[in-house]
Structures are given as C-alpha cells and as structure tokens.
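Below, each chain spelled out in residue letters.
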Amino acid sequence: MNLSNLAEKFYDIYGYKGKKFFFSPSRINLIGEHIDYNGGYVLPCAIELGTYGCVQKRDDNLIRLASGNFDLRVETDINDLRYEAKHGWGNYPKGVIHFMKESGYGVSGMDILVWGNIPNGAGLSSSASLELLIAEMINNLFNDGQISKLELVKHCQKAENDFIGVKCGIMDQFAVAMGKANKAILLDCNSLDSKYISMNLKDYKLIIMNTNKRRELNSSKYNERRSECEEALDILKKYKDINNLCQITVEEYEKIEKYIDKKEIANRAHHVIYENQRVGEACKFLEGGHVSKLGQVFVESHNSLRDLYEVTGIELDTLVESALEHGECIGARMTGAGFGGCAIALVKNTAVDDFMNKVGDKYKRKVGKEADFYLTDIGDGIREIDAII
Ligand code: GLA
C-alpha cells in the first residue's frame, strides 16, 4: 500500500475523497527497558515504519473507522465512546477520542482510514503509533494544531492505561510524538525532560529483528511486572525517601537489597536500578562513537531482562544469541516489552546481508519460525503529509 492506494481505498469505503493525510511512526528502544514506569531514563527512537492515515471531518457526531490491515470496521457515536471487545483495534482510536473530548478539546464526527506497515504484535508499538495518529488528526482538524505534543502524548498514554487497560509507561507515546531523524531521545521519565542524541554508529547499522512471536501486551505479564516493582518500592521506601525505584543508585541498592525477602522481587528491582545506570553509559558511548562499548551494554541489558526481569523467552533469546554468534555483530538485545516481539542488533555495514541470512537460518533451525529483519531509518515523529493525489 502507498499513499495513493490509501486515497483510493478511502474513496472505495466512504464514497468521497479524503484530503488530509498523516504519518505516525513506530519506535524502537535502544536501552532502558521496563524502567519508564519506574521513573528511569530511556533511549528510544522513532523509525520510518509506522501508521498512515487519511481523515475527513463529518458534520455530525458519527465516527467511522476502517483499516487497511483488518477487515473489521467500526461505527460509533462520539457521545457513546466505551471500550467494546467486539470493536477490536477500533478501541485505540475510540480511547484517544474519548479522553481528548473529555478534556474539552474540539472534536466531532470523522471518517478515518488507517494503514500500518509495522506488523502488529511485533513489539514496535503499533498501538502508540495508532493512538498518536488519531490524536494528531484531532489536533490538526479541530484545534488548529494548538495542542502541545506533550499533551497529545499524555492523552494517548491515558487511553492505553485506562481505556485499553495496559498500564504502560510514557516511553512509546513520547517517542512516537517527539522522534527526530537520526537522533535518539534521552528521556527522563520522572521529570519528562528530554534531549536528542545523535546516532553516531560509525560503520555499524542497527538492524531490527522480529521473532514473529506475537507479543500480546494485554494478556502478558506486563502489568504483573509493574506491580512487582511497586512491591519492591514499598519495601525500599522504608530505607530511603523515594517515589520511584530509579531514585536509588546502584551503590545505595547494594546496601539495601538484603531487605527484600523474596528473590524474585529483589531481581526485578536489581534489573531496574542497574538498567537505569546502563542508560547513562550507553549515552556516553553513543555520543562518543564508542560503538563496540555500546554493544556490550546492549548485551548486559538483554541478560538482565532474561535472567532477572524474566521477560524474554526462547524466541528472543535464540535470536539474540544467534546474532551475537555472528562475527560482525557487536551487540544485540530485545527491545520494547519483551515476551516475543523484536530485538535489535548492531552489525558492521558490510556484513548486513550475510548477517540476515545466517541469523535467519539459525533461528529457523532452532525455533522453527522465520525471523524478519528490517533496515529502517531513524525518523521524525508524527506529522501531516502532503499528498498530491
Ligand atoms: C512497552 C510499554 C512501555 C515500556 C516498554 C518496556 O513498550 O508500552 O511503556 O514500559 O514496554 O520498556
């Protein structure tokens, strides 16, 4: 599908031409996994894969939703926006429209067609991509583009937390909205301060590797990990005046870890606190162009997510191990929530094809599934696109 197909499909479905087009990226996270909801630092980037959308205002209160990826179409009145299981993917747009309307922003009926070129369930945040696409449509069509990106981010996170029921942190929505070409975003999830860091990867390429094991965030252990972190925080609060786990340094944690009785809970806290420190190291290495050191930190992060946070699984572990066995790969790790989905690898420019062939073969032999590889640019955040159709 491309933009002109999208326009044609809009015409086929709704019987008139849609004139406004938008693109909302998806994201990868370089490092800082499962610490956004613990007030830590994360280092995501928006990528040039994502969700396209075409929209037209209506002069009534009807919301009509259609997708190039799913057959399911949804029609609903703007005054009746409730989560309905039968509305499947349509609940994401419904949630965003609901909370933006509830906050008093302008919004009325719309005909919307979306189409994404990221496999959904790949852990690249197709849901945040769809949410921000809708939020930006509302901003542009009804509010003269006056709503700040951070406001859009917060409404989309709220839709995911309180409409869909996944207690995600703010990283995905932030990265999708604020992404910048060839930059990673260093985001402090406690203060929401952020800065851009150039992707100085010298002669290495970042390859995204899809396990093709679907990551179902809803049914996964994501919310369980969140509450385990809260359990650790409740204990550690007795020893330091803190609001989140990432306010503890590694040195401090080493002294108080012993107060957490349950091994599993101590492991979760250990991952969070050390991962936060690793983000700082990774930034230093990225800024200085020390790519092989960056690769080593990726590996430490993956090992911790595998052994302490327990969010990897056979597919992600096999793919990362197979990547690391390739002589020209200097680092690899899962990215996103885990439990399937994608990993990233740093691979010498000249070895990319060989890497994809060999790692793909190995993965297939061991896991019995095909892996997919994406070589995509680090791109800008949500935006309107001019379509000359
Ligand atoms: C998902 C969530 C994010 C973040 C990551 C793990 O992508 O949506 O908020 O917690 O998992 O780092």
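Our structure's up above, just so we're on the same page.
Residues numbered from 1 in each chain as written. Predicted model: local features only at pLDDT ≥ 70, side-chain atom pairs only at ≥ 80, totals over all residues. Heavy atoms only, no water.

## Section: the layout of surface pockets
In this structure, the second largest pocket occupies an estimated 290 Å³ of space. Looking at the second largest pocket, it is lined by 15 residues, and the ones nearest its centre are Lys 205, Leu 206, Thr 376, Asp 377 and Ile 378. Per-element accounting of the lining of the second largest pocket gives the leading share, four residues, to strand 9 (residues 204-210). Looking at side-chain class alone, the lining of the second largest pocket contains nine nonpolar, three polar and three charged residues. (1 Å grid on protein atoms, 1.4 Å probe; cavity = no way out; pocket = protein on both sides within 12 Å on 5 of 7 lines; lining within 4 Å. Points joined across faces, edges and corners; volume = space filled by probe spheres on them. Helix = DSSP H or I, 4+ residues; strand = E, 2+ residues; numbered from the N terminus. Nonpolar A, V, L, I, M, F, W, Y, C, P; charged D, E, K, R; others polar.)

## What to know about the sheet that holds strand 2 (residues 41-42)
The antiparallel open sheet is built from three strands, whose spatial order is 2-7-8. In this open sheet, the two strands that pair with only one neighbour each are strand 2 and strand 8 (194-198). Against the sheet, helix 5 (residues 171-178) engages strand 2, strand 7 (183-188) and strand 8, with an angle of about 140° to strand 7. Sheet strands in contact with helix 8 (residues 263-288) are strand 2, strand 7 and strand 8, and its direction is about 45° off that of strand 8. (Pairing = 2+ DSSP bridges. Contact = heavy atoms within 4.5 Å. Axes fitted to C-alpha atoms, helices over the stretch in contact; angles between N-to-C directions.)

## So, the nonpolar core
Core analysis: the biggest nonpolar cluster contains 125 residues, and Ile 28, Leu 30, Met 110, Leu 206, Met 209 and Phe 355 have the highest contact counts within it. Leave out the neighbours within four places in its chain, and Leu 30 touches Leu 43, Pro 44, Cys 45, Ala 184, Met 199, Leu 206, Leu 286, Phe 298, Arg 333 and Ile 344. Counting residues in each nonpolar core, the second largest holds twelve residues, with Leu 6, Ala 7, Leu 113 and Ile 385 among its members. (Core = buried A, V, L, I, M, F, W, Y, C linked by side-chain atoms within 4.5 Å. Buried < 20%, exposed > 50% of the residue type's maximum accessible area, 1.4 Å probe, protein only.)

## With respect to helix 10 (residues 314-325)
Residue pairs spaced three or four apart in an α-helix point in one direction, given the helix's 3.6 residues per turn. For helix 10, with twelve residues, the first-to-last C-alpha span of 16 Å sits near the 16 Å given by 1.5 Å per residue. Within the span of helix 10, buried status applies to Glu 315, Leu 316, Asp 317, Thr 318, Leu 319, Val 320, Ser 322 and Ala 323. Along its buried surface, helix 10 packs onto strand 9, helix 9 (291-307), strand 10 (329-334), strand 11 (342-348) and helix 11 (352-367). (Expected span 1.5 Å × (residues − 1).)

## Overview of the packing of aromatic side chains
According to the stated counting rule, one finds ten aromatic pairs in the structure shown. Ring geometry for Phe 10 and Tyr 16: centres 5.5 Å apart, planes at 90°, overall edge-to-face. Through a chain of ring-to-ring contacts, three or more aromatic side chains come together here, namely Phe 10, Tyr 14 and Tyr 16. In this structure, Arg 225 packs its charged tip against the face of Tyr 309, placed 5.9 Å from the ring centre. (Phe/Tyr/Trp six-rings, centres within 6.5 Å; stacked < 30°, edge-to-face > 60°. Lys NZ or Arg CZ within 6 Å of the ring centre and 35° of its normal.)

## Brief notes about the packing of helix 8 against helix 9
Two elements in contact, helix 8 and helix 9, have axes whose closest approach is 9 Å; the angle formed by their N-to-C orientations is 165°. As summarised for this structure, helix 8 and helix 9 are arranged roughly antiparallel, according to the angle between their axes. Classified by chirality, the crossing of helix 9 by helix 8 is left-handed. Contact residues: His 271, Glu 275, Arg 278, Glu 281, Ala 282, Phe 285 and Leu 286 in helix 8; Lys 293, Leu 294, Val 297, Glu 300, Ser 301, Ser 304 and Leu 305 in helix 9. Each residue belonging to the contact of helix 8 with helix 9 can be placed in one class, and the counts come to six nonpolar, three polar and five charged. (Parallel < 35°, antiparallel > 145°, perpendicular 65-115°, else oblique. Left-handed = near helix turned anticlockwise from the far one by under 90°.)

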